[in-house]
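Analysis of the macromolecular model
Here are the chains, one letter per residue:
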Amino acid sequence: YSDPADDGYWRGDVFPKGPWRPREGVQRGSVMDMVIYPGDPLTPGVGATREARRLPLKDAKTITKIPVLPLSYGDAMPLLRAIGETVAPPAWRGALPITYHIGPGPARVHLKLVSSWNVQPIHDVIARISGSDDPEEWIIRGNHQDAWVNGSEDPVSGITPELEEARAFGELLKQGWKPRRTIIYCAWDGEEEGLLGSTEWAEEHASDLRQHAVVYINSDSNDRGYLQAAGSPSLQKFVNGVARDIEDPQTGFTVEKRLRLYRIAHARTPDERDELREGGELKIGTLGSGSDYSAFLDHLSIASLDLSYGDDVSLGGVYHSVYDDFYWYTHFGDPTFEYGRALAQTAGTAVMRLTDADLLPFSFMDLADAVRTYAHGVKQDLRNAREQAREHNMEITENVFRATSSPQQHVPPPKMAPFPPYLNFSSLDNAVASLRAAAREYHKLLIQAEADGGAAESRPAVEQLNELLLQSEPSLSIPEGLPGRPWYKNSLYAPGMFTGYAARTLPGIQQAIAMKDWKLANAEILKTATAIDQESQLIQKASQALEETMK
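Source: prediction; values computed, not measured.

**Regarding the overall build of the protein chain**
- Helices and strands together make up the secondary structure of the protein chain, namely 16 helices and eight strands.
- For the protein chain, whose C-alpha radius of gyration is 26 Å, the value lies close to the compact-globule estimate of 24 Å for 551 residues.
- On the principal axes, the C-alpha backbone points of the protein chain span a range of 90 × 55 × 55 Å.
- Split into buried and exposed, the 551 residues of the protein chain put 50% on the buried side.
- Once local pairs closer than 6 in sequence are excluded, the contacts in the protein chain between residues at least 24 apart make up 75%.

Now the structure itself:
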């Protein structure tokens, strides 16, 4: 159930007076275990065509074994009141006017849950504009079209700007414009049930996508507010460039300036605030799962972006409920639809620039900086694990000491937590250093090429360079995938095993440390380092190809 502490009266006025979830609001959602794999649970890794071989239902790992039924907090209240025994720890309590307990009992509840296991068709809509010069390089843009109920915000507020982009490109085609690269526009079906439409399409066309897809640009829902961009770090500089050329409807600033001012005002440290004031690039977020970019980024390792506008009231309390309707959106979402226009301008500009760029605009310095940060993160995970073990053992030792001070008390042997060993991060450190060196060399040559008027003098040389750049994100793939979930193949990012949609970086290493499997952790360090080394080697080849364009 959705507790009002998260999206109900604790946050503000509830619908219809305010945007937050009312007592009867039910948040629907897929309960498939999508951190193993999204899409059709019966066809993991292959497109769910009519001819596809399907798993027996009992063998589908992503279908939960415990029955699950989402409730409103109004319906959850009598169940929560009926739970007794242990009082819930503070982090487990919400904002309902009860004492939260975790049981067991004493009440018993009978749950009757009826499910349909029929196989039904879904309908993706795919439109293609063939490129004039480089038709074998594809820029893909997508948003889902299906909703749990009314779906005014999720997904209509996202699919409407995408349709406007497509209409604008249609007008340009009538005027004689042709894109350099092929543009593919997608309206996905079955997203809400588990990213079905995008996953099955990507799995069915995996071979072609690995060979031809340059970038996938996603959106989902949209509100008024600040630009929210997340995706591959190699596209960070590109996104900043687009954001500097889009006007914010509310302030008249560029959306980049408005976001920068917001981040300055909410900076966590003086150093972070000073860095933002100096005018460097705004960092984009990291993607995990939860929307249609997942098959492209996590499975096929295709450079991806997710774009929207919004703030901390975005989705309010109507997410995946019957209250996500036209009334809510025109009162609390984007009443004037100006930010729908802004999203169309933002994503449309990104598509236009990518499709017509002489040289694919990947920034490997941003990638190298991000990977170095990720490496620091997994080392901190290990330090945290060691500190937790130390504190746990100290507490046990103190308890044993207090108990043994009483001669009448028998003290069983203490169960000390095993102390995490030091892991061998040398291969990862070397890989990060190589990546940074390769990125610096490419960046230096790129600046030189731009100073000389660009890298378009030798068209065959530029085409050869773009063919290499197209493979830059796929080079980060681990063919055998992550431990226990081979569908996820990107070495840099995946949803965490226990974090919902939230991303985990260097996920193979992070997952092994969380599992306290130190042998596996060392193995994942080597696998991840190998993938990063592959990326460094590709960037070195790209530098050599870039030099050829300047001869």
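Once you've had a look at it, read on.
**What about a nonpolar patch on the surface?**
- Taken together, the side chains of Leu69, Leu111 and Leu113 present a nonpolar region at the surface, about 240 Å² in accessible area.
- Structurally, Leu69 can be placed in the loop between helix 1 (4-7) and helix 2 (73-81).

**Structural notes on the pattern of salt bridges**
- Tallying each qualifying case throughout the model produces 19 salt bridges.
- A salt bridge links Arg21 to Asp7, with the nearest nitrogen and oxygen atoms 3.0 Å apart. One end of the pair, Arg21, is in the loop between helix 1 and helix 2; the other, Asp7, is in helix 1, with 14 residues separating them in the sequence.
- Arg21 sits in the buried class, given a relative accessible area of 1%.
- With a shortest N-O distance of 2.7 Å, Glu164 and Arg167 are connected by a salt bridge.

**Looking at the packing of aromatic side chains**
- Per the stated rule, a full pass over the model turns up 16 aromatic pairs.
- Relative to Tyr73, the ring of Tyr9 lies with its centre 5.9 Å away and its plane at 80°, an arrangement referred to as edge-to-face. Taken together, the positions of Tyr9 in the loop between helix 1 and helix 2 and Tyr73 in helix 2 put the pair 64 residues apart, joining distant regions of the chain.
- Judged by relative accessible area, which is 35%, Tyr9 ranks as partly exposed.
- Residue Tyr73 is classed as buried on the basis of its relative accessible area of 7%.

**Here's the deal with the pairing of strand 3 (residues 181-188)**
- Within strand 3, eight of the eight residues are buried, which leaves the element mostly enclosed by the surrounding structure.
- In the sheet, strand 1 (residues 125-129) pairs with strand 3 via five bridges, with the strands oriented antiparallel. Residue pairing for strand 3: Ile129 is matched across the bridge by Ile183.
- Sheet topology places strand 2 (residues 134-144) next to strand 3; eight bridges connect them, and they run parallel. Within the sheet, the bridge partner assigned to Trp138 lies in strand 3 and is Thr182.
- A crossover connection joins strand 2 to the parallel strand 3 through helix 3 (residues 152-174); in handedness this β-α-β unit is right-handed.

**Some points on the nonpolar core**
- Counting residues in hydrophobic clusters, the biggest one holds 101 residues, and the most contacted among them are Ile140, Leu209, Phe296, Phe362, Leu428, Tyr442 and Leu469.
- Here Phe296 is in contact with Ile140, Trp188, Trp201, Ala202, Leu209, Tyr216, Ser301, Ile302 and Ser304, once residues within four sequence places are set aside.
- Counting residues in each nonpolar core, the second largest holds eight residues, with Tyr73, Ala76, Leu80 and Ile98 among its members.

**Describing the side chain of Ser294**
- Among the secondary structure elements, Ser294 is positioned in helix 9 (residues 294-299).
- Filtering out sequence-adjacent residues up to four positions away, Ser294 remains in contact with Pro38, Leu195, Gly288, Ser289, His299, Trp487 and Tyr488.

**So, the packing of helix 13 (residues 426-451) against helix 16 (residues 518-549)**
- Interhelical geometry of helix 13 versus helix 16 gives an angle of 20° and a closest axis separation of 8 Å. Taken as axis vectors, helix 13 and helix 16 run roughly parallel relative to one another. Regarding helix 13 and helix 16, the two cross each other, and that crossing is left-handed.

**Observations concerning the sheet that holds strand 5 (residues 226-231)**
- Pairing within the open sheet is mixed, and its six strands lie in the order 1-3-2-4-6-5. A single partner strand is all that each edge strand has here, and the edge strands are strand 1 and strand 5. When strand polarity is set aside, the average angle formed by the axes of neighbouring strands in this sheet is 20°.
- Strand direction decides the pairing type here: strand 2 and strand 4 (residues 213-218), joined by five bridges, are parallel. Considered in strand 4, the bridge of Trp138 is made with Ala213.
- Set on the sheet, helix 7 (residues 255-265) makes contact with strand 5 and strand 6 (304-310); between it and strand 5 the angle comes to about 90°.

**A short note on unusual backbone geometry**
- The linkage connecting Gly105 with the following residue, Pro106, adopts the cis geometry, with an omega of 5°.
- The residue Pro106 is located in the loop between helix 2 and strand 1 in this model.
- The backbone of Leu195 sits at a positive phi, close to 60°, despite the residue not being glycine.
- The topology assignment puts Leu195 in the loop between strand 3 and helix 4 (196-204).
- The class of Leu195 is buried, set by a relative accessible area of 2%.
- Even without a glycine there, the phi angle at Leu506 is positive, about 45°.
- In this structure, Leu506 sits in the loop between strand 8 (503-505) and helix 15 (507-514).
- On the basis of relative accessibility, which here comes to 0%, the residue Leu506 falls in the buried class.

What counts and how
- Residues numbered from 1 in each chain as written.
- Predicted model: local features only at pLDDT ≥ 70, side-chain atom pairs only at ≥ 80, totals over all residues.
- Heavy atoms only, no water.
- Helix = DSSP H or I, 4+ residues; strand = E, 2+ residues; numbered from the N terminus.
- Rg over C-alpha atoms; globule rule 2.2 N^0.38 Å.
- Buried < 20%, exposed > 50% of the residue type's maximum accessible area, 1.4 Å probe, protein only.
- Contact = heavy atoms within 4.5 Å.
- Patch = residues over 30% accessible without salt bridge, like charges linked within 9 Å, V, L, I, M, F, W, Y side chains within 5 Å.
- Areas by Shrake-Rupley, 256 points an atom, 1.4 Å probe, with all protein chains shown as cover.
- Salt bridge = Lys/Arg side-chain N within 4 Å of Asp/Glu carboxyl O.
- Phe/Tyr/Trp six-rings, centres within 6.5 Å; stacked < 30°, edge-to-face > 60°.
- Pairing = 2+ DSSP bridges.
- Right-handed = clockwise from strand over helix to strand, strands pointing away.
- Core = buried A, V, L, I, M, F, W, Y, C linked by side-chain atoms within 4.5 Å.
- Axes fitted to C-alpha atoms, helices over the stretch in contact; angles between N-to-C directions.
- Parallel < 35°, antiparallel > 145°, perpendicular 65-115°, else oblique.
- Left-handed = near helix turned anticlockwise from the far one by under 90°.

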